[in-house]
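# A structural walkthrough
Each chain, written out:
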Amino acid sequence: MPRLWLFDLDGTLVDSAPGIHASIDHALATLGRPPLPVAQLPRWIGPPLRQSFAEVCADAAEVERAVDAYRARYAAHGWAEHRVYPGIPELLRQLAAEGAQLAVVTSKVERYARQIVQAAAWGQSCSAVYGVGETSAHSEKAAQIAQALRDFAIPARAAVMVGDRSYDIEGAHANGVRGVGVLWGYGAREELVSAGADALAARPADLRLPAACGDNAAPLTKESA
């Protein structure tokens, strides 16, 4: 089994949709815009916030107003409006008990990510949290994973990145790390397969299977997915 497990946060460890959606709607209302339809929410969870707001805002200044309003509401309430996916606490505890090192790698602003992880009982299993800065406008998964490999002094072949969006898989592969896609989050199966996920997991327990994380597992194909 891998010695270093890197986990995305939103859509992988926790279902953070309620807090994110409420904070998006607060930001849009601040700009005098209509709320975000529920059907559009999944594609907002994963990409950097500025990238998503740019799709509905008139210019860069309005994007920054939206981001400020979002973060004000999220800092007060949104960060706590989430639930942990069933099976995640047990998975993390088991991996840690077996000697694996665990870390969170997320596109969420680092101070919010740390707040969520440190407030959770399962967070004790995680040795580090890699988030983004307040001004981040692009996916930084590749750089974050590279930093984790350096910090833990573990070769890429002994690590695995687990996430629900294409950014997780692409960031992993940019570092020669195996990327496993999870199907309980916000990214569709097709997105993960197109990104080249090495394996897919339908539930947390599946991450314990050789097909998901073994060194000698066969590459994922559309047929096997």
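Residues numbered from 1 in each chain as written. Predicted model: local features only at pLDDT ≥ 70, side-chain atom pairs only at ≥ 80, totals over all residues. Heavy atoms only, no water.

## Considerations on the overall build of the protein
Threshold: Labels follow the DSSP assignment, with helices taken as runs of H or I lasting at least four residues and strands as runs of E lasting at least two, numbered in each case from the N terminus. Taken over C-alpha atoms, the radius of gyration is set against a globule rule of 2.2 Å times the number of residues to the power 0.38. For the exposure calls, accessible area comes from a 1.4 Å probe over protein chains only, and a residue counts as buried if that area is under 20% of its type's maximum, exposed if over 50%, partly exposed in between.
Tallying secondary structure elements over the protein gives nine helices and eight strands in all. The C-alpha atoms of the protein give a radius of gyration of 17 Å, which matches the 17 Å a tight globule of 225 residues would have. Expressed as lengths along the three principal axes of its C-alpha atoms, the size of the protein is roughly 55 × 35 × 30 Å. For the protein, with 225 residues in total, the buried portion stands at 54%.

## Quick look at the sheet that holds strand β4 (residues 101–109)
Where we set the bar: DSSP calls a pair of strands paired once it identifies at least 2 bridges connecting them. Here the axes come from fitting lines to C-alpha atoms, over the contacting stretch only for helices, and the angles between their N-to-C directions go from 0 to 180 degrees.
If you walk across this open sheet you meet the six strands as β5-β4-β1-β6-β7-β8, and the pairing is parallel. The sheet is open, and its two edges are formed by β5 (128–132) and β8 (199–201), each paired on a single side. Between one strand axis and the next, the sheet turns by 25° as a mean value, whatever way the strands run. By the bridge criterion, four bridges tie strand β1 (residues 4–7) to strand β6 (residues 159–163) in an arrangement that is parallel. When the sheet's bridge partners are listed, W5 is paired in β6 with V160.

## Focus on unusual backbone geometry
Positive phi, close to 55°, is recorded for A153, a residue that is not glycine. Inspection of the secondary structure puts A153 in the loop between α6 (141–152) and β6. Look at A153 and you get exposed, because its relative accessible area is 60%.

## Structural notes on the packing of α6 against helix α7 (residues 166–173)
Heads up, the condition is: By definition in this entry, angles of less than 35 degrees are roughly parallel, angles greater than 145 are roughly antiparallel, angles of 65 to 115 are roughly perpendicular, and the rest are oblique. In this scheme, a crossing is called left-handed if the near helix is turned counterclockwise away from the far one by less than a right angle; it is called right-handed if the turn is clockwise. Here, residues are in contact when the closest pair of their heavy atoms is within 4.5 Å.
Put simply, α6 and α7 touch, their axes get as near as 8 Å, and they point 50° apart. Considered as vectors, α6 and α7 are oriented oblique to each other. For α6 against α7, the interelement crossing comes out right-handed. For the pair α6 and α7, contact is made by K141, A142 and I145 and by Y167, D168, G171 and A172, respectively.

## Thoughts on the confidence of the model for the protein
Spelled out, the test is: The predictor rates its confidence in each residue with pLDDT, a number between 0 and 100.
Residues of the protein with pLDDT of at least 70 account for 91%, and the chain-wide mean is 90. Counting interchain partners and residues more than four positions distant, the pLDDT-below-50 stretch residues 215–225 has 17 contacts.

## A short note on the packing of helix α1 (residues 17–30) against helix α3 (residues 60–76)
The test is simple: Note on residue categories: nonpolar means Ala, Val, Leu, Ile, Met, Phe, Trp, Tyr, Cys or Pro, charged means Asp, Glu, Lys or Arg, and polar means any other residue, Gly included.
At a minimum axis separation of 8 Å, α1 and α3 run at an interaxial angle of 135°. On the basis of their axis angle, the class for α1 and α3 is oblique. Helix-helix and strand crossings are classified by hand; for α1 and α3 the assignment is right-handed. Contacts from G19, I20, A22, S23, I24, H26, A27 and T30 of α1 reach α3 at R65, A66, A69, Y70, R73 and Y74. Here the residues of the contact of α1 with α3 are counted per class, giving eight nonpolar, four polar and two charged.

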